[in-house]
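Chain and residue survey
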Amino acid sequence: MKINICRVEIDNYNFDEVVERIVKHVLSKGKAEYVVTPNAMHILALQKDAIFREIYRKAFLVVPDGVSLLWAAKFLQTPLNGRVNGTDLFEKLCAIAAKKGLKVFLLGGRPGAAEKAQEILVSRHPGLQIVGTYCPPYGFESQPTILASINSKITATSPDILFVGLGAPKQEKWIAANYLHLGVPISVGIGVSFELVSNMVRRSPVWMQKLGLEWFFRLLTEPRRLWKRYVFGNPALIYLVIKQRLGLFNSQYGNLDRANDK
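As a starting point, this report considers the structure included with it. (Residues numbered from 1 in each chain as written. Predicted model: local features only at pLDDT ≥ 70, side-chain atom pairs only at ≥ 80, totals over all residues. Heavy atoms only, no water.)

Further remarks concern the packing of helix α3 (residues 50–57) against helix α8 (residues 170–182). Running from N to C, α3 and α8 cross one another at 60°; their axes reach a closest spacing of 10 Å. The element α3 and its partner α8 pack so that their crossing is left-handed. For the pair α3 and α8, contact is made by Ile51, Phe52 and Ile55 and by Glu172, Lys173 and Ala176, respectively. Classifying every residue of the contact of α3 with α8 gives four nonpolar, no polar and two charged. (Axes fitted to C-alpha atoms, helices over the stretch in contact; angles between N-to-C directions. Helix = DSSP H or I, 4+ residues; strand = E, 2+ residues; numbered from the N terminus. Left-handed = near helix turned anticlockwise from the far one by under 90°. Contact = heavy atoms within 4.5 Å. Nonpolar A, V, L, I, M, F, W, Y, C, P; charged D, E, K, R; others polar.)

This is the structure we're talking about:
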């Protein structure tokens, strides 16, 4: 079952069900697929970006990373079965990969973040096979030589799971453009998770996570980078959700997308 939030279809699975579906697909050596982890800013970007919407439409799973999506779904009287936080998903899948002998590749993050995350995760889960890490330079997406080099690094190691931390929508657009060629069973866009696991960026205390205040903690720790996201983004999402609840949310962009497909 999918839950519609501002025209975005969210898979209504709890955290354990999402993990189970991903691991089952990887172990079966299924065809290349990818997972997206929307938050409030994704929802807003999807209203205007047709390419981003098409990427979402083709995703293997669309899981609610942002707690604001849970609040929105509850307000719309179509509650979700819980949050699927990208960092928690990253850590859980790495723990299972260590037990199942699965290979993992880490792409993106700030310089040194993926390597530090690798060090920490391998110490927690002996036997974890992180077969490669790579932090591409700024603007790499417009440089064919670097793009080809990234693909070569990944295909040479044949990972079972590819974690991509490039920020949205860059990470989703890169995954969508490359996942079929790479042939990795599951690719997942996870934002700043390498930084959070490596402690380059502090994660909120567990009590704040449980109360849905992780966004507030991040705003306090990185105000210069994130203030626009939360000061303008959250009210914009609230406005759209209220419109949906009142039945004032039209399907205009859906009609435009169908017209563009013809």
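With that out of the way, let us pick up the pairing of strand β2 (residues 8–11). Strand direction decides the pairing type here: strand β1 (residues 2–5) and β2, joined by four bridges, are antiparallel. Pairing of isoleucine 5 across the sheet is with valine 8, part of β2. The hairpin turn running from β1 into β2, its antiparallel successor, is two residues long, and cysteine 6 in that turn takes a positive phi close to 55°. (Pairing = 2+ DSSP bridges.)

Read from one edge of the open sheet, six strands run β4-β3-β8-β7-β5-β6, paired in parallel fashion. Of all strands in the sheet, those bounded by a partner on one side alone are β4 (61–62) and β6 (129–134). Across five bridges, strand β5 (residues 103–108) lies against β6 in parallel orientation. By the bridge assignment, leucine 106 is partnered in β6 with threonine 133. Contacts from helix α6 (residues 113–124) reach β5 and β6, with the element oriented near 165° to β6. Packed on one face of the sheet, α8 meets β3 (33–36), β5, β7 (161–165) and β8 (186–189) and runs near 155° to β7.

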